[in-house]
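Remarks on the overall topology
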Amino acid sequence: TAERLADGDSQLAPLRTRASEHRLAAEKRRAITNRAQQVFKQGRRLRFTLLGFGSAQTDVMALLTSHLTPLHVFGPGDWPSSLPDLHLLGADADRLRLEVEELLFFGAIALAVDARTSPEAAGDAADLCRIALKFTQTREPWQALLDRMEAGETRHDTRTDPAHAPALTDSALACVQWGVIHAVVDRDRHAESIIWLERAVQIDQTRYWAHYFLADLALHAGDHARAEVHYTAALTADPNSPWAYFGLAQAHAGLGRWDESDENLNQAIRLAEDQNLDFPEAFAIRARAVRRLGCVHAAIQDLDHASELAGDRPDLMLRLIWEYALCFPESSACWSHIWDTAVRISRLHSASALPLWRSLALPLLRGDIAIPSGTTSAAR
């Protein structure tokens, strides 16, 4: 408005110039804010996928490139100096730096796991480490991961032990990164992972990922009570996390608290739907909970829904086969579901066929699962 009013009046030319400068600055601020908000909004979906949830195997680099290219993360120059107008974000600039680092980290971790069988994944993980090392304040875990990827090593070295990195003990973020490396990449080093993650909680009790991975490690160790404590703490830090509710539901199931497990799975599914996330794992586990509560028909409906969302992931389909099998005593119709799912895996993943039939046939042969009379021929 000021520009229009001052147009053509030489005495008001300075006012017009200042007005034009303010307008351009506002446009730049709006543009960078919109890009940052889009990254924040889509970040949860990206984390969900990088953590291994959802319906399909993921091209990690394609996903990250699509998500972060608008911020010039993969462009020429060192990020974030390569991003124009970052300073216009104000307090959100630091938040954006942490967001980008966290997404790069989980991408690098996912690729480091794939690097056990894929040299290309090791190279991609190394590229993500190099980008992060240009701006991160927690260089040591990133550098250690980079060294391993460049050397083609997927096993640990002693530099990542807590005792060998004393300089990092005051950084909660670094402690979480070391802990996740041990928990996910070094699958046999859970003791060291717990040391790092507990240290992160000591520094910052609201650190979401420290609680989440401590809970996950406790769950897999069978310590359901401890898992409940840390999943609850994770949800205090982030009450909108569907996968934390999913984990809490599994902890309650392990404690025999099926009503609470069902309630938490309902919440996980609601949050996932609100965030436009497919969550077949939640439907599969809820089927177990409602079956234990005596609602076999509802359990089969959940398994059918999970099957629709399972995409091409054989691990999910194997889980569904087992859950369908557990419904056998109450519903002989489950055999056709099992057969169809098994054939689907064999067609999509021929390499999985033999272990699939072993996982299906051995429990049947041992008598752990009894096939109702007549269902085999019907399924065929």
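Residues numbered from 1 in each chain as written. Predicted model: local features only at pLDDT ≥ 70, side-chain atom pairs only at ≥ 80, totals over all residues. Heavy atoms only, no water.

Attention now goes to helix α7 (residues 172–185). For α7, which comprises 14 residues, the first-to-last C-alpha distance of 19 Å matches the rise-based estimate of 20 Å (1.5 Å per residue) to within 8%. Taking burial as the measure, the 14 residues of α7 include twelve buried ones, the bulk of the element. Ala172, Ala174, Cys175, Val176, Gln177, Trp178, Gly179, Val180, Ile181, His182, Ala183 and Val185 are the residues of α7 that are buried. Residues of α7 that are buried make contact with α4 (92–114), α6 (139–151), α8 (190–203) and α9 (208–220). (Helix = DSSP H or I, 4+ residues; strand = E, 2+ residues; numbered from the N terminus. Expected span 1.5 Å × (residues − 1). Buried < 20%, exposed > 50% of the residue type's maximum accessible area, 1.4 Å probe, protein only. Contact = heavy atoms within 4.5 Å.)

Moving on to the packing of aromatic side chains. Enumeration over the complete set of coordinates arrives at 19 aromatic pairs. On the numbers, 5.9 Å between centres and 35° between planes, the contact of Trp209 with Phe213 is tilted. Of this pair, Trp209 and Phe213 both sit in helix α9, four residues apart, roughly one helical turn. A relative accessible area of 5% places Phe213 in the buried class. Pairing Phe246 with Phe279 gives two aromatic rings, centres 5.1 Å apart and planes at 50°, and the pair type is tilted. With Phe246 in helix α11 (residues 242–254) and Phe279 in the loop between α12 (258–274) and α13 (280–292), the pair connects residues that are 33 residues apart, well separated along the chain. By relative accessible area, which is 6% here, Phe246 ends up buried. On the basis of relative accessibility, which here comes to 1%, the residue Phe279 falls in the buried class. Its guanidinium or amino end placed over the ring of Phe40, Arg95 lies 3.6 Å from that ring's centre, counting from NZ or CZ. (Phe/Tyr/Trp six-rings, centres within 6.5 Å; stacked < 30°, edge-to-face > 60°. Lys NZ or Arg CZ within 6 Å of the ring centre and 35° of its normal.)

Here Thr232 is to be found in helix α10 (residues 224–237). Relative accessible area serves as the criterion here: at 37%, Thr232 is assigned to the partly exposed category.

Below, the discussion takes up unusual backbone geometry. Positive phi values are uncommon outside glycine, yet His72 reaches one of about 65°. When its relative accessible area of 33% is taken as the criterion, His72 is described as partly exposed. Notably, Asn276 is not glycine yet its phi reads approximately 60°, a positive angle. With respect to the helices and strands, the residue Asn276 is situated in the loop between α12 and α13. For Asn276, a relative accessible area of 59% puts it in the exposed group.

Our focus in this paragraph is the packing of α9 against α10. Close contact between α9 and α10 brings their axes to 8 Å; oriented N to C, the two are set at 160°. Of the possible angle classes, the one that applies to α9 and α10 is roughly antiparallel. Here α9 and α10 pass one another in a crossing that is left-handed. Across the interface between the two elements, Tyr208, His211, Tyr212, Leu214, Ala215, Asp216, Ala218 and Leu219 of α9 pack against His224, Arg226, Ala227, His230, Tyr231, Ala233, Ala234 and Ala237 of α10. (Axes fitted to C-alpha atoms, helices over the stretch in contact; angles between N-to-C directions. Parallel < 35°, antiparallel > 145°, perpendicular 65-115°, else oblique. Left-handed = near helix turned anticlockwise from the far one by under 90°.)

For His252, the location among the structural elements is in helix α11. According to the relative accessible area criterion, His252 is buried, its value standing at 5%. Those residues in contact with His252, other than ones at most four positions away along the chain, are Glu228, Arg257, Glu260, Ser261 and Asn264. A polar atom in the side chain of His252 sits 3.0 Å from the side chain of Glu228. (Polar contact = N/O pair within 3.5 Å; in protein donor to acceptor, adjacent residues only side chain to side chain.)

Attention now moves to the nonpolar core. In this structure, Leu68, Leu71, Leu96, Val100 and Leu104 are the most contacted members of the largest nonpolar core, which totals 115 residues. For this core, the element with the highest residue contribution is α4, accounting for twelve residues. In this structure, Leu96 is in contact with Ala36, Val39, Phe40, Leu71, Trp79, Leu83, Leu86 and Leu89, ignoring residues within four places of it in sequence. (Core = buried A, V, L, I, M, F, W, Y, C linked by side-chain atoms within 4.5 Å.)

This brings us to the pattern of salt bridges. Within the structure shown, the criterion is met by 16 salt bridges. A salt bridge links Asp204 to Arg207; its shortest N-O distance comes to 3.6 Å. Judged by its relative accessible area of 26%, Arg207 falls in the partly exposed class. Of the charged contacts, one joins Arg257 and Glu228 as a salt bridge, the two residues approaching to 2.7 Å between their closest N and O atoms. On the criterion of sequence distance, the pair formed by Arg257 in the loop between α11 and α12 and Glu228 in helix α10 is long-range, its members being 29 residues apart. With a relative accessible area of 19%, Glu228 lands in the buried category. (Salt bridge = Lys/Arg side-chain N within 4 Å of Asp/Glu carboxyl O.)

Every α-helical turn comprises 3.6 residues, leaving residues that sit three or four positions apart pointing alike. With 13 residues, α6 should cover 18 Å at 1.5 Å per step; its first-to-last C-alpha distance of 18 Å lies within 8% of that length. Of the positions making up α6, those classed as buried are Pro141, Trp142, Ala144, Leu145, Leu146, Arg148 and Met149. On the buried face of α6, the contacting elements are α4, α5 (119–133) and α7. Looking one or two residues past α6, Gly152 carries a phi angle of roughly 70°, positive in sign.

It is worth stressing that arrangement in space is one thing and function is another; only the former is reported here.
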